[in-house]
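Structural description and commentary
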Amino acid sequence: MKLYNFTDLLQVAKQREFKALGSFNLHCLEMLPAYFKAAEKTNSPLMIQISTGTAKYLGHKLLVDAIRSLAESRNVPTCLHLDHCSDLDAIQTALDAGFSSVMYDGSHLPIEENISNTRKVIDMARPLHVSVEAELGAIGGSEDGKSVEMNETSFTTVDDAKRFVDETGVDMLAISIGTVHGLYTGKAHIQHQRLADITQATHTPLVLHGGTGVSDEDMRLAVRSGIEKVNVGTEMNVQWVARCKQTFEKGKVNDSVRNFLVPANDAVTDVLVEKIQLFR
């Protein structure tokens, strides 16, 4: 089975009566079966995203081969997405390996440079039928070793979003509307009117990064208001590590490692199923 790009996978999701796609960070290969199990349980297509750190750790080709094999054997339409990458050479490596979607993150740059670099990535990706995500505005918190202090957060403006989409033709745009990357213990305050205005101005799939701390009610409203891709990463990692700590603590040194990991994967599947249901 081929790997889908985001645009094609979103159409599959909408045919199955989902309004948006969850894009789920994979942290290690051992977690991978849990993602497909959740997709099967919910009859959802699956978007798996990989940080540059994880891609280097596991290897780009191994990720592509493993995910393509599972997608075919489980009959789950799947997209493999490179998340938050600011290095054009690293994006090219992912394209060469067979990733079906990539994100160029130039949100830290002046808008003119962000637009210019995003265009370069689109020129690299379009001949391969690979979708491209960009980011506009600064989202607080940390992601794969990159951090933005909360006082440096800048919200995406309607005018900038329209200009960015018009000048790049990007497939999806991540915007800053009040969420935070990484582990966030408070309640995120989404600026719903800003989201609605950007949706109306751009007519382009919008991406919500930093889903941790977003209430179910806010998530459903965001999806109804124009968010068509929701990044989810921290919650799966937290649940997997917490369950592994419990099972390794109780286990014996001669126990099979899989006995420690199966409960952790079950916890991840539960998180994914819960999240996917919010995107209908």
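Definitions and cut-offs
Residues numbered from 1 in each chain as written. Predicted model: local features only at pLDDT ≥ 70, side-chain atom pairs only at ≥ 80, totals over all residues. Heavy atoms only, no water. Helix = DSSP H or I, 4+ residues; strand = E, 2+ residues; numbered from the N terminus. Rg over C-alpha atoms; globule rule 2.2 N^0.38 Å. Buried < 20%, exposed > 50% of the residue type's maximum accessible area, 1.4 Å probe, protein only. Contact = heavy atoms within 4.5 Å. Areas by Shrake-Rupley, 256 points an atom, 1.4 Å probe, with all protein chains shown as cover. Lys, Arg positive; Asp, Glu negative; His and termini not counted. Charge placed at Lys NZ, Arg CZ, Asp CG, Glu CD. Pairing = 2+ DSSP bridges. Right-handed = clockwise from strand over helix to strand, strands pointing away. UniProt positions renumbered as here; feature names shortened; annotations may be inferred. Salt bridge = Lys/Arg side-chain N within 4 Å of Asp/Glu carboxyl O. Disulfide = S-S within 2.5 Å. Polar contact = N/O pair within 3.5 Å; in protein donor to acceptor, adjacent residues only side chain to side chain. Arc of directions from axis to C-beta.

**Regarding the overall build of the protein**
When its secondary structure is counted, the protein shows 11 helices and 11 strands. In summary, the protein has a C-alpha radius of gyration of 18 Å against a globular reference of 19 Å for 280 residues, a match within 12%. Expressed along its principal axes, the backbone C-alpha trace of the protein runs to roughly 60 × 40 × 35 Å. The proportion of buried residues among the 280 residues of the protein is 54%. Taking as baseline every contact in the protein between residues at least 6 positions apart, the subset at least 24 positions apart corresponds to 73%. Here the protein displays about 12300 Å² of accessible surface, and carbon together with sulfur accounts for 48% of that area. For the protein, the separation between the mean place of its 28 positive charges and that of its 36 negative charges on side chains is 7 Å.

**Let's talk about the pairing of strand β2 (residues 46–50)**
Consecutive side chains along a regular strand alternate between the two faces of the sheet. For β2, a buried count of five out of five residues is recorded, marking the element as mostly surrounded by other parts of the structure. The side-chain alternation of β2 yields two buried faces, one formed by L46, I48 and I50 and the other by M47 and Q49. Of the strand pairs in this sheet, strand β1 (residues 21–25) and β2 are connected by three bridges, and their pairing is parallel. Across the sheet, residue N25 finds its bridge partner in β2, namely Q49. For the handedness criterion, the β-α-β arrangement of β1, helix α2 (residues 32–42) and β2 is classed as right-handed. The pairing of β2 with strand β3 (residues 78–85) spans five bridges and is classified as parallel. From the neighbouring strand, I48 faces β3, where its bridge partner is L80.

**Remarks on the UniProt feature "binding site: dihydroxyacetone phosphate" (unreviewed entry) in the protein**
As annotated in UniProt, the feature "binding site: dihydroxyacetone phosphate" (unreviewed entry) corresponds to G182, G210, G211, T212, N231, V232, G233 and T234 in the numbering used here. With respect to the helices and strands, G233 occurs in the loop between β11 (227–232) and α10 (234–250). A residue is classified by how much of its surface remains accessible, and G233, at 12% relative accessible area, is buried. Non-local contacts of G233, meaning those with residues more than four positions away in its chain, are made with N25 and H27.

**So, the pattern of salt bridges**
All chains considered together, the criterion is met by 10 salt bridges. K61 is the partner of D65 in a salt bridge, and the nearest nitrogen-oxygen pair spans 2.8 Å. Of this pair, D65 and K61 both sit in helix α4 (residues 60–74), separated by four residues, roughly a single helical turn. Here the salt bridges share partners, and the residues they tie into one network are E112, R163 and E167.

**Overview of the state of the cysteines**
Tallied over the entire structure, the rule returns zero disulfides. The closest cysteine sulfur to the non-disulfide-bonded C244 is located on C28, 7.8 Å from its own sulfur.

**Observations concerning the side chain of K229**
Among the structural elements, K229 can be located in strand β11. Overall, the relative accessible area of 0% leaves K229 in the buried class. A polar side-chain atom of K229 sits 2.8 Å from a polar atom in the side chain of E133. Look past the residues within four positions of K229 in its chain and what remains in contact with it is F6, A20, L21, S23, M47, Q49, H81, E133, M172, L206, V207 and L208.

**Observations concerning helix α7 (residues 158–168)**
The periodicity of an α-helix, 3.6 residues per turn, causes residues three or four places apart in sequence to face the same way. Residues of α7 that are buried: A161, F164, V165 and T168. Seen along its axis, α7 keeps its buried residues to an arc of 90 degrees; they face one direction. Of the exposed residues in α7, the ones pointing more than 90 degrees away from its buried face are D159 and D166. On the buried face of α7, the contacting elements are α6 (111–125), β5 (131–136), β8 (172–175) and α8 (192–202). Following α7 by one or two positions, G169 has its phi on the positive side, about 65 degrees.

**Overview of the UniProt feature "active site" (unreviewed entry) in the protein**
Taking the UniProt record as the reference, the feature "active site" (unreviewed entry) is found at D83. Inspection of the secondary structure assignment puts D83 in strand β3.

**Describing the environment of N43**
Secondary-structure assignment places N43 in the loop between α2 and β2. As a C-alpha pair, N43 and F18 span 25 residues in sequence and 10.0 Å in three-dimensional space. Residues contacting N43, with those up to four places away along its chain left out, are R16 and F18.

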